[in-house]
Amino acid sequence: MKQTVRLFLIIVILIAAVKSSNSTIACSYNYQVLSLRELSSPKRIILHPLGNGINKVIIDKCYSQIKKYLPNTILADRLMMPASTYYKPRNRYRADSLIKWMSARAKKNEVIMGITTVDISTTKGKHKDWGVMGLAYKPGNAGVASNYRLKNKSAFWKIVIHELGHTAGLPHCPVKTCFMRDAEGGDHTGEEKEFCSKCKKFLLNNGWLL
Ligand SMILES: [Zn+2]
Ligand SMILES: [Zn+2]
């Protein structure tokens, strides 16, 4: 009888041990369901609206377009223009200071892309303060695009995609219909239709969807 009780106790202890080890192993996880193509995107793009002027229509258009090429894109909260980037003599913001500021905020494997409606500028050759539509590190973790100088505002996403191309490491491209065409002080977004085959190949190798 005593032996039966002992055996019963051993079985109970064993079941308890198995249950307790299971509960340790069976943690709960939050899964983010990503497709195979999304998994191949090496970097997370953080799209950051900058300043009060940028509205939901502009933000949503940029976000939906960029997501087609870079599914691993997240729309972040609006940020105010940092006062340290303001250039009083021309009443505009320094794009070079902006990308430096965003670069310092970017985490590992992130690219912060600022989008704004205010005028931005940088130093270009002998021009101390030259108005631009965008600026980005090549390659790097930050870029900024402005629609201020753009005639056709609905093409703004092309400026954003161009700057993101730079962050991936692409230089300017001589193909007139390519998104990586150099603006050269003008607005050629009406002629830009897609990435050319050479730029496409480069971006495909960097996890873009094309
Ligand atoms: Zn460029
Ligand atoms: Zn190209």
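It should be noted that the structure appears before, not after, this text.
Residues numbered from 1 in each chain as written. Chains lettered and ligands numbered in written order. Predicted model: local features only at pLDDT ≥ 70, side-chain atom pairs only at ≥ 80, totals over all residues.

Undergrad: What should I look at first to understand the sheet that holds strand E2 (residues 73-75) in this one?
TA: Strand pairing in a sheet is mediated by backbone hydrogen bonds. Such pairs are either parallel or antiparallel. Strand order in the open sheet formed by five strands is E2-E1-E5-E9-E8, and the pairing between neighbours is mixed. Both edges of this open sheet fall to E2 and strand E8 (134-136), since each of them pairs with a single strand only. Ignoring which end each strand starts from, the neighbouring axes of this sheet average 20° apart. Alignment of strand E1 (residues 44-50) against strand E5 (residues 110-116), held across seven bridges, turns out to be parallel. Residue pairing for E5: leucine 50 is matched across the bridge by threonine 116. Lying on the sheet, helix H5 (residues 156-168) is in contact with E1, E5, E8 and strand E9 (142-146); it crosses E9 at an angle near 160°. (Pairing = 2+ DSSP bridges. Helix = DSSP H or I, 4+ residues; strand = E, 2+ residues; numbered from the N terminus. Axes fitted to C-alpha atoms, helices over the stretch in contact; angles between N-to-C directions. Contact = placed C-beta atoms within 7 Å.)

Undergrad: What's the story with the nonpolar core in this structure? I'm lost.
TA: Ranked by internal contacts, the top residues of the largest apolar core, which has 43 residues, are Ile66, Met113 and Val160. Among the elements of the structure, E1, helix H3 (56-69), helix H4 (95-105), E5, E8, E9, H5 and helix H6 (197-204) are those that each provide at least two residues to this core. The element best represented in this core is H5, accounting for seven residues. Excluding its chain neighbours within four sequence positions, the residues that come into contact with valine 160 are Cys62, Ile66, Met113, Ile115 and Ala145. (Core = buried A, V, L, I, M, F, W, Y, C linked by C-beta atoms within 7 Å. Buried ≥ 20, exposed ≤ 12 C-beta atoms within 10 Å, placed from the backbone.)

Undergrad: Got a minute to help me understand H3 in this structure?
TA: Given 3.6 residues to a turn, an α-helix orients residues that are three or four positions apart in the same direction. Taking 1.5 Å per residue as the helical rise, H3 with its 14 residues ought to reach 20 Å, and the 20 Å between its terminal C-alpha atoms agrees with that figure. Residues of H3 that are buried sit in contact with E1, E2, E5 and H5. (Expected span 1.5 Å × (residues − 1).)

Undergrad: Just checking my understanding: could you explain the pairing of E9 for this structure?
TA: Taken residue by residue, a regular strand's side chains alternate between the two faces of the sheet. Where burial is concerned, most of E9 is hidden: five out of the five residues are buried. The alternating pattern of E9 places Ala142, Val144 and Ser146 on one face and Gly143 and Ala145 on the opposite face, and all of these are buried. Alignment of E5 against E9, held across five bridges, turns out to be parallel. Counted as the bridge partner of isoleucine 115 is alanine 145 from E9. Here E8 runs beside E9; their pairing, made up of three bridges, is antiparallel. When the bridges of E9 are listed, glycine 134 appears paired with alanine 145. The turn joining E8 and E9, which pair antiparallel and follow one another in sequence, is formed by five residues.

Undergrad: Can you walk me through unusual backbone geometry in this structure?
TA: Outside of glycine, negative phi angles account for most residues, and trans bonds account for most peptide bonds. Here the residue pair lysine 138 and proline 139 is connected by a cis peptide bond, since its omega of -15° sits within 30 degrees of zero. Phi at asparagine 91 takes a positive value of approximately 50°, unusual for a residue other than glycine. Along the polypeptide, asparagine 91 turns up in the loop between strand E3 (86-87) and strand E4 (92-94). For asparagine 109, which is not glycine, the phi dihedral falls at a positive 65°.

Keep in mind these values describe shape, not function.
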